[in-house]
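A closer look at the structure
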Amino acid sequence: MTGCLFSAKACFQILSAPLMTKWVDHYGKFMLLGGLLAETISSVIFMLTHEYGTWLCARAISGVASAAIMSSGLSHLSKRHTKSEERAVVMGCATTGILSGTCIGPVMGGILHEISPSLPFLTLAVLETAVIMLILLFLPTLKGEQTSGGGEGASTCELLQNRDVLRFLGILVVTNFGCGCVEGTIARHLHLKFGLSAGAQGRFYLLLAVSSVIFSAMSGDLGNRLGRIKVIRFGLLLQGISTLMGASPSIITSAIAFCITGVGIGLIDGATPSLLGDTVTKHFGETGRIYVMSNTCVQLGFLFGPMMGNIIVASLGYGVCCMIAGSLMIW
């Protein structure tokens with residue numbers, strides 16, 4: 001039941017994608033505000049209720065809200081920063097913000113929960129309300145909230161027919177699928193193999209989280225100096241090799257491998273959005289649809305990765321899971 005609660009967010013992010021692709025170029029700022037408002041409502045529901053069905057509904061609302069926030073946010077940044085080098089740095093910083101939230105959120109949530117079970121959700125609701133006010137006061141509405149070429153711009157099908165777009169979206173699916181395979185199964189492996197407690201497992205996870213944050217922040221500058229495709233390929237290689245090392249009998253080797261996996265994730269997730277934006281702008285003109293599609297690909301990987309990882313581990317073991325996921329990324 002807990003698995004369903006967690007996967008509901010990714011499911012509804014994916015299911016809401018067709019609607020987001022229609023709105024993102026016309027109503028970008030309103031999507032951002034609406035997403036934050038929906039996220040606030042979700043937090044209030046979690047704070048005030050204790051029923052599983054209601055929480056499942058709140059989690060679904062949060063999924064739709066996340067799709068709106070991430071897609072419209074990246075789209076707004078892309079349209080504000082049209083120079084390729086500048087866009088690369090800005091997108092890397094945006095990805096750093098997203099990954100930083102995944103680092104700080106569980107830690108702060110745990111601390112606040114010990115004070116009061118409802119306090120994490122109250123804090124979130126207050127912060128989200130404050131962000132809404134800041135956006136209303138300071139975020140400008142882009143002229144026309146429209147594609148640069150006017151009209152509806154390229155459709156989703158037209159974008160998917162471009163080989164470069166399809167390749168980069170595929171990379172996002174594969175890397176997040178591989179990461180999901182490992183993240184969804186490593187807790188059990190660490191407990192059975194090394195006897196790590198839940199707290200120790202949390203600290204172990206920070207190795208991946210912190211390294212991914214650091215290198216996503218660096219991905220923009222590295223991409224400008226070395227080439228973003230080279231940075232993405234290097235990130236894939238690092239993530240693949242480190243995943244193959246992940247089933248080592250040594251806790252030190254496993255920790256190093258997990259940290260290197262975070263480096264690969266940071267490089268890929270930081271460099272890919274700006275590369276997608278440049279590719280789409282070159283062939284089709286400015287459109288935020290590509291960021292809805294990239295977010296959907298990330299969620300597809302994180303939805304099916306843990307499912308397949310747990311199936312493989314239950315049948316063949318954690319080592320085979322790491323071999324399959326690592327080989328997929330290197331290939």
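Overview of the structure. Please read these numbers as outputs of a predicted model, since none were measured by experiment.

The next thing to look at is the overall build of the protein. Within the protein, the secondary structure is distributed over 14 helices and zero strands. Listing every helix and strand of the protein by position from the N terminus yields α-α-α-α-α-α-α-α-α-α-α-α-α-α. Relative to its length of 331 residues, the protein is compact, with a C-alpha radius of gyration of 20 Å against a globular reference of 20 Å. Dimensions along the principal axes, computed over C-alpha positions, put the protein at roughly 60 × 50 × 30 Å. Looking at the protein residue by residue over its 331 residues, the buried ones come to 47%. Pairs at least 24 apart in sequence give 84% of the contacts found in the protein among residues at least 6 apart. For the protein, the exposed surface amounts to about 15900 Å²; the carbon and sulfur share of it is 72%. Across the protein, 20 positive and 16 negative side-chain charges occur, with their mean positions spaced 6 Å apart.

Right, let's get into the nonpolar core. Grouped together as the largest cluster of nonpolar side chains are 26 residues, with contacts concentrated most on Val165, Leu169, Ile171, Ile232, Leu276 and Ile290. Elements with a contribution of two residues or more to this core: α5 (84–115), α8 (163–183), α11 (228–245), α12 (251–284) and α13 (289–316). Top contributing element to this core by residue count: α12, with seven residues. Not counting residues within four places of it along the chain, the set of residues in contact with Ile290 comprises Leu159, Val165, Leu276 and Val280. Grouped together as the second largest cluster of nonpolar side chains are 19 residues, Cys181, Leu190, Leu208 and Phe258 included.

So, about the packing of α5 against helix α6 (residues 119–138). Running from N to C, α5 and α6 point in directions that differ by 120°, and their axes come no closer than 7 Å. Here α5 is positioned oblique relative to α6, judged by the angle of their axes. Listed contacts from α6 to Gly109, Leu112, His113 and Ile115 of α5 are Leu119, Pro120 and Thr123. In terms of residue class, the contact of α5 with α6 is built from four nonpolar, three polar and no charged.

By the secondary structure assignment, Ser274 is in helix α12. Under the relative-accessibility criterion, Ser274 is labelled buried at 1%. Side-chain polar atoms of Ser274 contact the side chain of Arg228, separated by 3.5 Å. A polar contact of 3.1 Å, which involves the side chain of Ser274, links it to the backbone oxygen of Ala271. Those residues in contact with Ser274 that sit more than four places away from it in its chain are Arg87, Ala88, Met91 and Arg228.

Below, the discussion takes up α12. Counted at 1.5 Å a residue, the expected span for α12 with its 34 residues is 50 Å, and the 49 Å between its end C-alpha atoms agrees. Helix geometry: α12 is bent most strongly at Thr272, by close to 30°, with proline Pro273 lying one to four residues after it. Sitting at the head of α12, Ser250 places a side-chain oxygen 3.3 Å from the backbone nitrogen of Ile252. One or two residues past the end of α12 sits Gly285, with phi positive at roughly 90°.

We now examine the packing of aromatic side chains. For the structure shown, the criterion picks out four aromatic pairs. Geometrically, the ring pair formed by Phe46 and Trp55 is edge-to-face, given 5.4 Å between the ring centres and 65° between the ring planes. A relative accessible area of 13% places Phe46 in the buried class. Judged by relative accessible area, which is 25%, Trp55 ranks as partly exposed. An aromatic cluster is built from Phe46, Trp55 and Phe121, whose rings are joined through pairwise contacts.

In this section: the state of the cysteines. This structure, assessed with the given rule, holds zero disulfides. This cysteine, Cys179, is not joined by any disulfide, and Cys181 carries the nearest cysteine sulfur, 9.4 Å off. For Cys179, a relative accessible area of 5% gives the class buried.

On to the pattern of salt bridges. For the coordinates displayed, the defined rule picks out six salt bridges. A salt bridge links Arg87 to Glu286; the shortest N-O distance between them is 2.5 Å. Of the two residues, Arg87 is situated in helix α5 and Glu286 in the loop between α12 and α13; the sequence distance between them amounts to 199 residues. The pair formed by Arg87 and Glu286 is uniform in burial state, with each residue classed as buried. Note that Arg167 is salt-bridged to Asp164, the shortest N-O span being 3.2 Å. Of this pair, Arg167 and Asp164 both sit in helix α8, three residues apart, roughly one helical turn. For Asp164, a relative accessible area of 31% gives the class partly exposed. Each of Arg87, Arg228, Asp278 and Glu286 takes part in salt bridges that share partners, so that together they form one network.

Procedures and definitions
Residues numbered from 1 in each chain as written. Predicted model: local features only at pLDDT ≥ 70, side-chain atom pairs only at ≥ 80, totals over all residues. Heavy atoms only, no water. Helix = DSSP H or I, 4+ residues; strand = E, 2+ residues; numbered from the N terminus. Rg over C-alpha atoms; globule rule 2.2 N^0.38 Å. Buried < 20%, exposed > 50% of the residue type's maximum accessible area, 1.4 Å probe, protein only. Contact = heavy atoms within 4.5 Å. Areas by Shrake-Rupley, 256 points an atom, 1.4 Å probe, with all protein chains shown as cover. Lys, Arg positive; Asp, Glu negative; His and termini not counted. Charge placed at Lys NZ, Arg CZ, Asp CG, Glu CD. Core = buried A, V, L, I, M, F, W, Y, C linked by side-chain atoms within 4.5 Å. Axes fitted to C-alpha atoms, helices over the stretch in contact; angles between N-to-C directions. Parallel < 35°, antiparallel > 145°, perpendicular 65-115°, else oblique. Nonpolar A, V, L, I, M, F, W, Y, C, P; charged D, E, K, R; others polar. Polar contact = N/O pair within 3.5 Å; in protein donor to acceptor, adjacent residues only side chain to side chain. Expected span 1.5 Å × (residues − 1). Bend = angle between axes of the 7 residues up to and from the residue. Phe/Tyr/Trp six-rings, centres within 6.5 Å; stacked < 30°, edge-to-face > 60°. Disulfide = S-S within 2.5 Å. Salt bridge = Lys/Arg side-chain N within 4 Å of Asp/Glu carboxyl O.

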